[in-house]
Amino acid sequence: MRFTYCPHCGTKLVSKEIGDEGMIPYCEKCSVPLWDMFTTSIIAAVVNEYDEVALLRQNYVSTTKYVCVAGIMKIGETAEDAVIREVKEEIAQDVETLEFISTYVYEKKEMLMLGYKATVKKQDFKLSREVDFVEWVKYDNALSLLREESIAWKLVKTVIEQ
């Protein structure tokens, strides 16, 4: 998000040089710089003890390709807490261990995605309303179900190659 007006007082911002940052939108009334903002979210390759990954279909995302569990971090929540919550909410799996894999920039939606491997003991799925379908997929078949070079594809590829 790029600011044009101050979210605190509504004053139109000016450009002001701020140290090494260069020209930054600035509110002269509030005396505050307003850097561009992005949303922080998590994405998780949920894996089980049988070398399978849980791949989801969310029709509002794609009707032809699968995705991984993902979600927005809530204020006051750690990334790890967000992964545990999203995995439980979306597919009713209990995370046993978490491993941070990488960060991913999702420019189209102005997001920074924190990627994790979430290990669970295989259980039956119970889906949230935002998940249309989920299945356990063997590592050998997983990448072919994801959009090539997508963030989910990169995350799952890294997890499989470990």
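Here the structure is shown first, and the text comes after it.
The rules behind the values
- Residues numbered from 1 in each chain as written.
- Predicted model: local features only at pLDDT ≥ 70, side-chain atom pairs only at ≥ 80, totals over all residues.
- Heavy atoms only, no water.
- Helix = DSSP H or I, 4+ residues; strand = E, 2+ residues; numbered from the N terminus.
- Rg over C-alpha atoms; globule rule 2.2 N^0.38 Å.
- Buried < 20%, exposed > 50% of the residue type's maximum accessible area, 1.4 Å probe, protein only.
- Contact = heavy atoms within 4.5 Å.
- Areas by Shrake-Rupley, 256 points an atom, 1.4 Å probe, with all protein chains shown as cover.
- Phe/Tyr/Trp six-rings, centres within 6.5 Å; stacked < 30°, edge-to-face > 60°.
- Lys NZ or Arg CZ within 6 Å of the ring centre and 35° of its normal.
- Expected span 1.5 Å × (residues − 1).
- Pairing = 2+ DSSP bridges.

**Quick look at the overall build of the chain**
Scanning the chain from terminus to terminus reveals three helices and nine strands. Scanning the chain from its N terminus toward the C terminus, one meets helices and strands in the order β-β-β-β-β-β-α-β-β-β-α-α. Its C-alpha atoms give the chain a radius of gyration of 19 Å, clearly above 15 Å, the size a compact globule of 162 residues would have. Oriented by its inertia axes, the alpha-carbon framework of the chain measures out at about 60 × 30 × 25 Å. In the chain, which comprises 162 residues, the proportion classed as buried is 41%. Long-range pairs, those at least 24 residues apart, make up 58% of the contacts in the chain with a sequence separation of at least 6. A total accessible area of about 9700 Å² is found for the chain, and carbon and sulfur atoms account for 50% of it.

**Quick look at the packing of aromatic side chains**
To describe a pair of aromatic rings, you give the distance between the ring centres and the angle between the ring planes. Per the stated rule, a full pass over the model turns up three aromatic pairs. Across from the ring centre of tyrosine 5, 5.3 Å away, lies the NZ or CZ of lysine 12, which sits over that ring.

**Topic: helix α1 (residues 79-91)**
Helical geometry note: an α-helix holds 3.6 residues per turn, so side chains three or four residues apart project in the same direction. The end-to-end C-alpha distance of α1, which contains 13 residues, comes to 18 Å, matching closely the 18 Å that a straight helix rising 1.5 Å per residue would cover. Buried residues of α1: Ala79, Ala82, Val83, Arg85, Glu86, Val87, Glu90 and Ile91, and no others. Residues of α1 that are buried sit in contact with β4 (39-47), β5 (52-57), β6 (69-72), β7 (95-106), β8 (111-120) and β9 (133-138). Just downstream of α1 lies alanine 92, where phi reads positive at about 55 degrees.

**Some remarks on the sheet that holds strand β2 (residues 22-27)**
Through backbone hydrogen bonds, the strands of a sheet pair up, either in parallel or in antiparallel fashion. One open sheet holds the three strands; their spatial order is β1-β2-β3, and the pairing between them is antiparallel. Strands at the two margins of the open sheet, each flanked by one partner only, are β1 (14-18) and β3 (32-33). Strand direction decides the pairing type here: β2 and β3, joined by two bridges, are antiparallel. Bridge pairing links cysteine 27 to valine 32 in β3.

**A few points about the environment of glutamate 148**
Among the structural elements, glutamate 148 can be located in the loop between α2 (139-145) and α3 (151-161). Assessed through its relative accessible area of 58%, glutamate 148 is described here as exposed. In this structure, the C-alpha to C-alpha distance between glutamate 148 and lysine 65, residues 83 residues apart in sequence, is 9.7 Å.

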